[in-house]
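# Breakdown of the fold
Take a look at the letters that make up each chain.
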Amino acid sequence: MLKLVFTGVWICAVSLGSVYFSIQHASAPVESDAEAERRALQEYIPGELITVPVITDGAVQGYFLTKLSFSVDKAKAKNMEVPFKQSVTNALFDILVGQKLINVADTSNFDLASFKTIVKDQLNKQLHDEVIFQVLVEQLEYLSKADVARVANAANEKQRKPVPIVDKNGQVASDQMPESEKRAAAAGH
């Protein structure tokens, strides 16, 4: 019985000691001055829900539903001639319709990380400046033409949900803006 008590005390002491030392030696990640400066200049801007037609063989086959949000340079975004959201929406149509970034018939080659990078690079190129730091893909789904017709023609038929697009790594678009930025955007900041 005495061995059992000493074993319990020993386990508690080792556990408490390891927790104490891990807390004492844990440190916040070191942030470089450049990173701290970039964060001070950064602002999150929620994007619009955009419907992009998928055109194959000269006919519309379906629609992408996408909602992208952006981490941007505050000063550059505010000093643009055309408001940021309108500029980005226009540029996104050029990028998503003009380039075949997603093949609906075969999504096995689709990579969400490279999609974000391509969109960011192309948007910055069309905006003629390094305005966007990061692209957040909140929603990326597909509705076929038949699904749209079924919803339009049948008021009592149960509406089907859009199909989320899964990339080759099994990832689905689910980025979220930080809560503080959502509240600021909702308040019209």
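Residues numbered from 1 in each chain as written. Predicted model: local features only at pLDDT ≥ 70, side-chain atom pairs only at ≥ 80, totals over all residues. Heavy atoms only, no water.

With that settled, the discussion passes to the overall build of the protein chain. Within the protein chain, the secondary structure is distributed over seven helices and five strands. Tracing the protein chain from N to C terminus, the helices and strands come up as α-α-β-β-β-α-α-α-β-α-β-α. Going through the 189 residues of the protein chain one by one, you find that 29% of them count as buried. When contacts within the protein chain are restricted to residue pairs at least 6 apart in sequence, those whose partners lie at least 24 apart make up 69%. Of the roughly 12,600 Å² of accessible surface on the protein chain, 56% is carried by carbon and sulfur atoms. (Helix = DSSP H or I, 4+ residues; strand = E, 2+ residues; numbered from the N terminus. Buried < 20%, exposed > 50% of the residue type's maximum accessible area, 1.4 Å probe, protein only. Contact = heavy atoms within 4.5 Å. Areas by Shrake-Rupley, 256 points an atom, 1.4 Å probe, with all protein chains shown as cover.)

For the protein chain, mean pLDDT is 79; residues scoring 70 or higher make up 85% of the total. Element-level mean pLDDT values for the protein chain span from 64 in helix α7 (residues 179–186) up to 88 in helix α5 (residues 112–127). (pLDDT = per-residue confidence, 0-100.)

The next point concerns the packing of helix α4 (residues 84–98) against α5. As a packed pair, α4 and α5 sit with axes 10 Å apart at the nearest point and diverge in direction by 120 degrees. By the angle between their directions, the pair α4 and α5 is classed as oblique. α5 is crossed by α4, and the crossing has right-handed handedness. Taking contact as the criterion, the partners of Phe84, Ser87, Val88, Ala91, Leu92, Asp94, Ile95 and Leu96 in α4 are, on α5, Phe115, Val119, Gln122, Leu123, Gln126 and Leu127. (Axes fitted to C-alpha atoms, helices over the stretch in contact; angles between N-to-C directions. Parallel < 35°, antiparallel > 145°, perpendicular 65-115°, else oblique. Left-handed = near helix turned anticlockwise from the far one by under 90°.)

Moving on, we come to the pairing of strand β2 (residues 49–56). Pairing analysis gives eight bridges linking β2 to strand β3 (residues 59–73), with the strands arranged antiparallel. Counted as the bridge partner of Val54 is Gly62 from β3. (Pairing = 2+ DSSP bridges.)

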